[in-house]
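# Architecture at a glance
Given next are the chains, with one letter for each unit.
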Amino acid sequence: MQAVHAQLQETIQALYRKAVDADNKLDQLQQAQQGKFTAVFSTDSGFRSKSKRFTPYVQEIAEDWQQLKDMDEDEAKIALPQLVAKLQLALETVTRFQQSLK
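My aim in this report is to walk through the structure given alongside it, one point at a time. On a predicted model such as this, the values are computed, not experimentally measured, just so you know.

What follows is about the overall build of the chain. When its secondary structure is counted, the chain shows three helices and zero strands. Helices and strands in the chain line up, N terminus first, as α-α-α. Counting only C-alpha atoms and orienting by the principal axes, one finds that the chain spans roughly 50 × 25 × 15 Å. Out of the 102 residues belonging to the chain, those deemed buried represent 34%. Taking contacts inside the chain between residues at least 6 apart in sequence as the whole, the part at least 24 apart equals 64%. For the chain, the computed accessible surface area is about 6700 Å², with 49% contributed by carbon and sulfur atoms. On the chain, the mean spot of the 13 positive side-chain charges and the mean spot of the 14 negative ones are 11 Å from each other.

Glancing now at the nonpolar core. If you look at the biggest cluster of nonpolar residues, it comprises 24 residues, and the most contacted ones within it are Leu8, Leu15, Phe54, Ile61 and Leu68. Looking at this core, the elements that each hand over two or more residues are helix 1 (2-31), helix 2 (55-70) and helix 3 (73-100). For Leu68, the contacting residues outside a window of four places in its chain are His5, Leu8, Ala76, Ala79, Leu80 and Leu83.

All right, on to the packing of helix 1 against helix 2 then. For any two helices packed against each other, one specifies the crossing angle of their axes together with the interaxial distance. For the pair helix 1 and helix 2, the least separation of the axes is 9 Å and the interaxial angle reads 165°. By the criterion of interaxial angle, the relationship of helix 1 to helix 2 is roughly antiparallel. With respect to the hand of their crossing, helix 1 and helix 2 are arranged in left-handed fashion. For the pair helix 1 and helix 2, contact is made by His5, Leu8, Gln9, Ile12, Leu15, Tyr16, Ala19, Val20 and Asp23 and by Thr55, Val58, Ile61, Ala62, Trp65, Leu68 and Lys69, respectively. Counted by class, the contact of helix 1 with helix 2 contains eleven nonpolar, three polar and two charged residues.

Now for the side chain of His5. Of note, His5 is situated in helix 1. Exposure remark for His5: the relative accessible area of 15% places this residue in the buried category.

Reading the values: the criteria
- Residues numbered from 1 in each chain as written.
- Predicted model: local features only at pLDDT ≥ 70, side-chain atom pairs only at ≥ 80, totals over all residues.
- Heavy atoms only, no water.
- Helix = DSSP H or I, 4+ residues; strand = E, 2+ residues; numbered from the N terminus.
- Buried < 20%, exposed > 50% of the residue type's maximum accessible area, 1.4 Å probe, protein only.
- Contact = heavy atoms within 4.5 Å.
- Areas by Shrake-Rupley, 256 points an atom, 1.4 Å probe, with all protein chains shown as cover.
- Lys, Arg positive; Asp, Glu negative; His and termini not counted.
- Charge placed at Lys NZ, Arg CZ, Asp CG, Glu CD.
- Core = buried A, V, L, I, M, F, W, Y, C linked by side-chain atoms within 4.5 Å.
- Axes fitted to C-alpha atoms, helices over the stretch in contact; angles between N-to-C directions.
- Parallel < 35°, antiparallel > 145°, perpendicular 65-115°, else oblique.
- Left-handed = near helix turned anticlockwise from the far one by under 90°.
- Nonpolar A, V, L, I, M, F, W, Y, C, P; charged D, E, K, R; others polar.

In structure tokens, the structure reads:
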């Protein structure tokens, strides 16, 4: 499980850097009166957060990961797939957003 936590940490850190860059671009778009939407992810995406920026979702993922580290192994095995799904969705979305700007 230690290897899983190390990989999650690395992935969350990479996601955070991408999210900060994407949020900066969203700020620029908003100042230009573009990018009108209410949230990055829909309510059925699995996230508790609702935001027009990526970093609150990354914070939620990091919180879930911290909780995962405090669980026993059986609980962690149950919670891990949901965390990985959120992480994957966030990475795919922020990557698509950044690619759409090129």
